[in-house]
Amino acid sequence: MKKLIAVAIAVILTLSAVMCAFGAPAYKGDLDGDGKVLAGEARRILRMSAKLDPQPDRDSEAFRLADVDGDGKLLAKDARIALRISAKLEPMMTNQTADFSTITEGKLIMATNAAFPPYEYIEDNMIVGIDAEIAALIAEKLGLELDIQDVDFDSIVAGVAGGKYDMGMAGMTVTEARKKIVNFTDTYATNVQAIIVPEGSPIKSADDIATDGSMKIGVQLGTIGDFYDSAEPEDWGFGEDNVKRYKTGPGALQALISGKVDAVIIDNETAKAYVAANEGLVLLSEPYTEENYAICVDPSNAALLDAVNGAILELISDGSIQAIIDKYS
């Protein structure tokens, strides 16, 4: 599949060169051959480039043509360079998202669970954090007012699918089960699930966690940690009987502090914040899993999904999202 994608990009670039030979503009971002570079075409190039093998067959013509900067690697930046050449970095969202709609005109209603620092938490009676700041930039690009609503994590997907919220953004991982209910945007951040234990714990890695009922793992209800941990040992989990679920991350943490569970598995950045704020806790150096975060959108609103995706890609390309993540690291 990866080679096929590389070949597809090569064909695109080759067609552009042919157009140039016949006097037509050589737009590397012109996927439909109409001589124009549109936001949708630019987004498709970036999506394809993110899926390419960074070390494809060196002898392939596809690799030679797609390697825009000639550094011997095939990365997303090659697609961005092509876009800069063809589209002159003209704002991708301009006049490209007029057809999307939101639940309340002029507003972007986002559901989150504000108990997941540093992605979302409450400070001075306001919801703040990585997701809150990224969402604010997305809303700004779409010309909308952001309205963040704090709800239980396990009600976000159903609320978005039911038309109660325009999108859900809460350090959420794409899973097959969730994809049956909502659509997901492109990835905007990558993180790992980490393990927190008390100082002196015999647990030094995930391999030390017993699955015979003698150890309990605390998780936040409905999170990816819950999903992975409650799986059976043959599926790399610990089994339902060894997991205790809590409505919030802090609830799981308090259970660890009080000795009700032996470990808590939760998002890495959140884990770092908890350990820094609570003496006597240790963050294990070996992560449990790695995951990609995305925003869920009502599957009946494809235009909004496309608009949010366009905003995400712009914010990744100009470094805005990374700057926000670095700010909270």
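Quick caveat: nothing in here was measured; it's all calculated off a predicted structure.

1. Here's the deal with the overall build of the protein
When helices and strands are counted, the protein shows 12 helices and 14 strands. Here the protein holds 329 residues, and the buried ones make up 47% of them. Put simply, of all contacts in the protein between residues at least 6 apart along the chain, 70% involve residues at least 24 apart. Roughly 15700 Å² of accessible area belongs to the protein as shown, and the carbon and sulfur atoms make up 52% of that amount.

2. Structural notes on the pattern of salt bridges
One pass over the full model with this rule turns up 7 salt bridges. The closest approach of N and O atoms between glutamate 240 and arginine 245, which form a salt bridge, is 3.0 Å. Exposure remark for glutamate 240: the relative accessible area of 40% places this residue in the partly exposed category. A single network of salt bridges, built from pairs that share partners, joins Asp226, Glu240 and Arg245.

3. Quick word on helix α9 (residues 249-257)
Of the positions making up α9, those classed as buried are Gly249, Ala252, Leu253, Ala255 and Leu256. Seen from one end, α9 has its buried residues packed into an arc of 155°, which puts them on one side. Positive backbone phi, at 85°, marks glycine 259, one or two positions downstream of α9.

4. Brief notes about the confidence of the model for the protein
Taken over all residues, the pLDDT of the protein has a mean of 77, while the share at 70 or more is 69%. Across residues 49-59 the pLDDT falls below 50, and counting only partners more than four positions away or on other chains, this stretch makes 23 contacts in the model.

5. A closer look at the sheet that holds strand β4 (residues 126-128)
Strand pairing in a sheet relies on backbone hydrogen bonds. The paired strands run either parallel or antiparallel. Strand order in the open sheet formed by 3 strands is β2-β3-β4, with antiparallel pairing between adjacent strands. The sheet is open, and its two edges are formed by β2 (115-116) and β4, each paired on a single side.

6. A few points about the packing of aromatic side chains
Scanning the entire structure with this criterion turns up 3 aromatic pairs. For the pair phenylalanine 116 and tyrosine 119, a centre-to-centre distance of 6.2 Å together with 35° between the ring planes defines the contact as tilted. Phenylalanine 116 gets classed as buried once you look at its relative accessible area, which sits at 6%. On the basis of relative accessibility, which here comes to 1%, the residue tyrosine 119 falls in the buried class. Taking the centre distance of 5.5 Å and the plane angle of 25° together, the rings of phenylalanine 238 and tyrosine 288 count as stacked. On the criterion of sequence distance, the pair formed by phenylalanine 238 in the loop between α8 (224-229) and β10 (243-246) and tyrosine 288 in the loop between β12 (281-283) and β13 (289-293) is long-range, its members being 50 residues apart. Residue classification places tyrosine 288 among the buried residues on the basis of a relative accessible area of 16%. Chaining the aromatic ring pairs together yields one cluster made of Phe116, Tyr119 and Tyr293.

7. Description of the sheet that holds strand β1 (residues 107-112)
Within the open sheet, the 5 strands sit side by side as β5-β1-β6-β14-β7. Their pairing is mixed. Every other strand in the sheet has two partners, leaving β5 (145-150) and β7 (183-184) as the edge strands with one partner each. Relative to β5, β1 runs parallel, the two sharing 6 bridges. By the bridge assignment, lysine 107 is partnered in β5 with glutamate 145. Contacting β1, β5 and β6 (167-168), helix α5 (residues 130-142) crosses the sheet at an angle of about 150° to β5.

8. Comments concerning the side chain of threonine 112
In this fold, threonine 112 is placed in strand β1. Here threonine 112 falls in the buried class, since its relative accessible area comes to 0%. A polar contact is formed between the side chain of threonine 112 and the side chain of glutamate 120, at a distance of 3.0 Å.

Calculation rules
- Residues numbered from 1 in each chain as written.
- Predicted model: local features only at pLDDT ≥ 70, side-chain atom pairs only at ≥ 80, totals over all residues.
- Heavy atoms only, no water.
- Helix = DSSP H or I, 4+ residues; strand = E, 2+ residues; numbered from the N terminus.
- Buried < 20%, exposed > 50% of the residue type's maximum accessible area, 1.4 Å probe, protein only.
- Contact = heavy atoms within 4.5 Å.
- Areas by Shrake-Rupley, 256 points an atom, 1.4 Å probe, with all protein chains shown as cover.
- Salt bridge = Lys/Arg side-chain N within 4 Å of Asp/Glu carboxyl O.
- Arc of directions from axis to C-beta.
- pLDDT = per-residue confidence, 0-100.
- Pairing = 2+ DSSP bridges.
- Phe/Tyr/Trp six-rings, centres within 6.5 Å; stacked < 30°, edge-to-face > 60°.
- Axes fitted to C-alpha atoms, helices over the stretch in contact; angles between N-to-C directions.
- Polar contact = N/O pair within 3.5 Å; in protein donor to acceptor, adjacent residues only side chain to side chain.

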